[in-house]
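# Residue-level structure breakdown
One letter stands for each residue in the lines below.
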Amino acid sequence: KSSKREWKPLEDHSCTDVPWLLLFILFCIGMGFICGFSIATGAAARLLSGYDSYGNICGQKNVKVEGIVNSGLDLTHKKYVFFLDPCNIDIVHQKIKSIALCVSACPRKELKTLADIQKFAETNGSTLCSYELQPSEYTTDPRAAKLCPKYPVPESAPIPFFHRCAPVNISCYAKFAEALITFVSDSSVLHRLISGVMTSKEIIMGLCLLSLVLSMILMVIIRYISRVLVWILTILVILGSLGGTGVLWWLYAKQRISAGALETQVAKDNLQALLIYAIAATVFTVILFLIMLIMRKRVALTIALFHVAGKVFIHLPLLVFQPFWTFFVLILFWTYWIAVLLFLGTTGSPIPNEEGFVEFRMAGPLKYMWWYHVVGLIWISEFILACQQMTVAGAVVTYYFTREKRNLPFTPILASVNRLVCYHLGTVAKGSFIITLVKIPRMILMYIHTQLKGKENACARCMLKACICCLWCLEKCLTYLNQNAYTATAINSTNFCTSAKDAFVILVENALRVAAINTVGDFMLFLGKVLIVCSTGLAGVMLLNYQRDYTIWVLPLIIVCLFAFLVAHCFLSIYEMVVDVLFLCFAIDTKYNDGSPGREFYMDKVLMEFVENSRKSMKEAGRGGGAEGRELKPM
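Residues numbered from 1 in each chain as written. Predicted model: local features only at pLDDT ≥ 70, side-chain atom pairs only at ≥ 80, totals over all residues. Heavy atoms only, no water.

As annotated in an unreviewed UniProt entry, the chain carries the name Choline transporter-like protein and is attributed to Cisticola juncidis. We quote the UniProt Sequence similarities (unreviewed entry) comment for the chain here in full: "Belongs to the CTL (choline transporter-like) family." According to the UniProt record, the Function (unreviewed entry) comment for the chain reads "Choline transporter." (UniProt positions renumbered as here; feature names shortened; annotations may be inferred.)

Burial along strand β8 (residues 358-361) is one-sided: Val358 and Phe360 are buried, while Glu359 and Arg361, pointing the other way, are not. As judged from the 4 bridges shared by strand β7 (residues 349-352) and β8, these two strands associate in the antiparallel manner. Note that in β8 the partner of Ile351 across the bridge is Glu359. A loop of 5 residues connects β7 with β8, the two strands running antiparallel in sequence, and Gly356 in this loop sits at a positive phi of about 90°. (Buried < 20%, exposed > 50% of the residue type's maximum accessible area, 1.4 Å probe, protein only. Helix = DSSP H or I, 4+ residues; strand = E, 2+ residues; numbered from the N terminus. Pairing = 2+ DSSP bridges.)

Our next topic: the packing of helix α9 (residues 322-345) against helix α10 (residues 369-400). One can describe the packing of α9 onto α10 by two numbers: an axis separation of 11 Å at closest approach and a directional angle of 175°. In this view, α9 runs roughly antiparallel relative to α10, as classed from their interaxial angle. For the contact of α9 with α10, the per-class residue count stands at 17 nonpolar, 8 polar and no charged. (Axes fitted to C-alpha atoms, helices over the stretch in contact; angles between N-to-C directions. Parallel < 35°, antiparallel > 145°, perpendicular 65-115°, else oblique. Nonpolar A, V, L, I, M, F, W, Y, C, P; charged D, E, K, R; others polar.)

Right, let's get into the side chain of Asp52. Summarising the element assignment, Asp52 is placed in the loop between α2 (43-49) and β1 (80-83). Put simply, Asp52 is tucked away with no salt bridge, and the nearest opposite charge, on Lys78, sits 8.6 Å away. Of the polar contacts made by the side chain of Asp52, one reaches the backbone nitrogen of Tyr54; its length is 3.0 Å. A polar side-chain atom of Asp52 sits 2.7 Å from a polar atom in the side chain of Tyr131. Among all residues touching Asp52, those that are not within four sequence positions of it are Leu75, Ala100, Leu101, Cys102 and Tyr131. (Lys, Arg positive; Asp, Glu negative; His and termini not counted. Salt bridge = Lys/Arg side-chain N within 4 Å of Asp/Glu carboxyl O. Polar contact = N/O pair within 3.5 Å; in protein donor to acceptor, adjacent residues only side chain to side chain. Contact = heavy atoms within 4.5 Å.)

One pass over the full model with this rule turns up 16 aromatic pairs. Summarising the aromatic geometry, the rings of Phe306 and Tyr575 are spaced 5.6 Å apart at their centres and angled 35° between planes, so their arrangement reads as tilted. Of this pair, Phe306 sits in helix α8 (residues 296-315) while Tyr575 is found in helix α15 (residues 554-592), placing the two residues 269 residues apart along the sequence. Look at Tyr575 and you get buried, because its relative accessible area is 0%. Here the aromatic rings of Tyr486 and Phe496 are separated by 6.3 Å at their centres, their planes lie at 55°, and the arrangement is tilted. With a gap of 10 residues between them, Tyr486 in helix α12 (residues 458-492) and Phe496 in helix α13 (residues 496-509) connect regions that are remote in the sequence. Of the two residues examined, Tyr486 and Phe496, each falls in the buried class. Taken together, Trp20, Phe24, Phe27, Tyr372, Trp379, Phe383 and Phe433 form an aromatic cluster joined through their ring pairs. (Phe/Tyr/Trp six-rings, centres within 6.5 Å; stacked < 30°, edge-to-face > 60°.)

Moving on, we get to the pattern of salt bridges. A full pass over the atoms with the stated rule returns 5 salt bridges. A salt bridge links Arg143 to Asp141; the shortest N-O distance between them is 3.1 Å. Its relative accessible area of 16% is what places Asp141 among the buried residues. Its salt-bridge partner being Lys439, residue Glu475 comes within 3.3 Å of it at the nearest N-O pair. Highlighted residues: Glu475 in helix α12 and Lys439 in helix α11 (residues 412-451), separated in sequence by 36 residues. The pair Glu475 / Lys439 is uniform in exposure class, with both members buried. Shared partners join several salt bridges into a network, and the residues in it are Glu382, Lys439, Arg442 and Glu475.

The structure is reproduced here in structure tokens:
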């Protein structure tokens with residue numbers, strides 16, 4: 001009977017889902033163990049200093065590996081890894097198929113013959129051929145063709161911090177980048193694109209800043225233009241559906257008149273197809289009009305919620321910066337995760353392979369650390385995003401259920417963060433784990449679909465895509481339910497399952513309103529994203545048109561538009577989150593309060609006007625005789 005019990009917003013706080021918090025802490029300790037293990041087993045040295053094909057770490061003394069001739073060498077003065085054939089890249093296994101050696105210096109200019117390689121070794125003391133060959137033998141020993149680098153040896157430079165000699169000329173990796181830049185058939189085109197980005201970097205940064213400012217401005221003024229946007233959307237939908245249906249019937253009538261003189265089978269088929277299309281369009285238009293007629297009053301609630309959301313951002317200005325903190329924390333975690341992943345790639349015991357070289361492999365249960373690390377990426381990323389949702393929900397709930405806005409905390413965002421850390425981290429961990437359970441199977445199926453591309457039959461391909469689509473839909477539904485569960489937790493300090501059940505009951509009781517908000521509201525926010533991208537792109541075209549230093553500025557414009565869409569999505573997704581939280585608070589407020597003494601509404605004046613208009617409509621309809629009256633009866 002959780003839907004019948006009394007909600008007590010912000011009256012008391014208690015810790016929720018403590019066992020899940022302990023489980024999450026244990027999981028994070030396991031992630032730390034993986035990091036410590038990869039560093040303690042020498043993987044950090046192999047990653048940073050590099051190692052050759054015989055298991056020797058460059059820049060230090062090494063231990064002999066059984067069965068490997070050139071292992072256990074003292075390479076204190078040879079600090080760089082050099083590949084004999086750096087352009088031979090195995091795309092499938094993501095590695096360079098070449099013998100790796102430790103050298104004292106990278107070749108800073110192209111070496112075209114063995115004589116040039118020998119001269120480079122004598123001049124710089126850096127031997128580019130295998131260890132068993134002396135520089136004097138480079139041009140005389142027949143083994144030099146196999147043990148020396150493939151020439152011409154490209155000009156190389158050491159990668160900062162990682163001590164690998166990498167070719168300076170990017171065309172060396174043309175095969176590797178073929179899938180990414182297939183449209184670039186001429187390397188000069190690529191150079192012009194890159195030069196366009198470099199010479200217009202100031203304009204790109206300025207336009208990115210412009211998209212940021214436009215997103216902030218739109219979040220403030222959207223409450224004033226929401227009504228106009230809704231009416232424009234309604235008119236466009238009506239005109240589009242009527243126009244499309246009218247054109248189809250006009251084409252059908254025209255074809256029917258002309259078909260009398262031309263009795264061919266093709267003409268009959270086209271006439272029948274047009275009739276089917278026209279009937280389908282008519283049915284769709286009628287259904288659309290009925291839906292708009294039923295939901296016309298609920299659209300007014302969407303407009304009111306957008307108006308109140310604008311006020312929320314005025315009272316809680318730190319909400320605008322919430323995407324920055326979340327993005328910053330995600331970047332820090334992803335950097336840590338990638339670093340540990342690189343450590344794991346060089347972790348393990350040296351084992352000789354079939355070619356007589358050394359590979360580092362983990363044996364036993366330790367080889368499953370990869371899977372643990374991948375699950376950690378998904379769960380902790382979802383945990384960070386869920387913390388943002390809980391923070392926003394807590395701040396908006398505090399704003400809504402505080403009758404006197406002058407009594408709001410000095411910084412409601414920091415107060416919400418404090419409540420999250422002190423009471424609700426377990427709830428966030430449980431909600432993010434549920435999303436992880438759905439996301440992992442979907443990613444596995446996507447990986448299988450990618451690996452079997454072109455090999456599976458049509459039935460298997462269809463089943464895989466259907467499963468992926470179903471899991472994606474389930475993930476989106478659970479994400480929406482999780483967000484409302486976090487709001488219920490912020491209101492009543494209840495556990496995740498209780499909050500999810502309470503929020504689900506409220507959403508089901510207001511299903512039509514939820515549909516109106518999620519359709520009309522999402523489309524309005526999509527129009528806002530399009531507006532920001534188009535405005536930034538137009539400014540970019542006008543500014544880049546005056547630049548004459550390069551020939552191609554398509555890539556800078558694409559970069560600017562992508563960044564503008566990313567920024568607009570981040571900011572307007574926060575706006576959408578605020579609207580969803582406000583709606584749940586409004587639904588709870590109207591269900592348990594009626595405006596009478598002792599049960600006063602918490603809502604804003606704009607929402608109060610909506611309630612009064614709904615009551616008037618209900619009385620005019622015969623005191624709740626229709627669907628509107630039944631839905632508004634709890635008021």
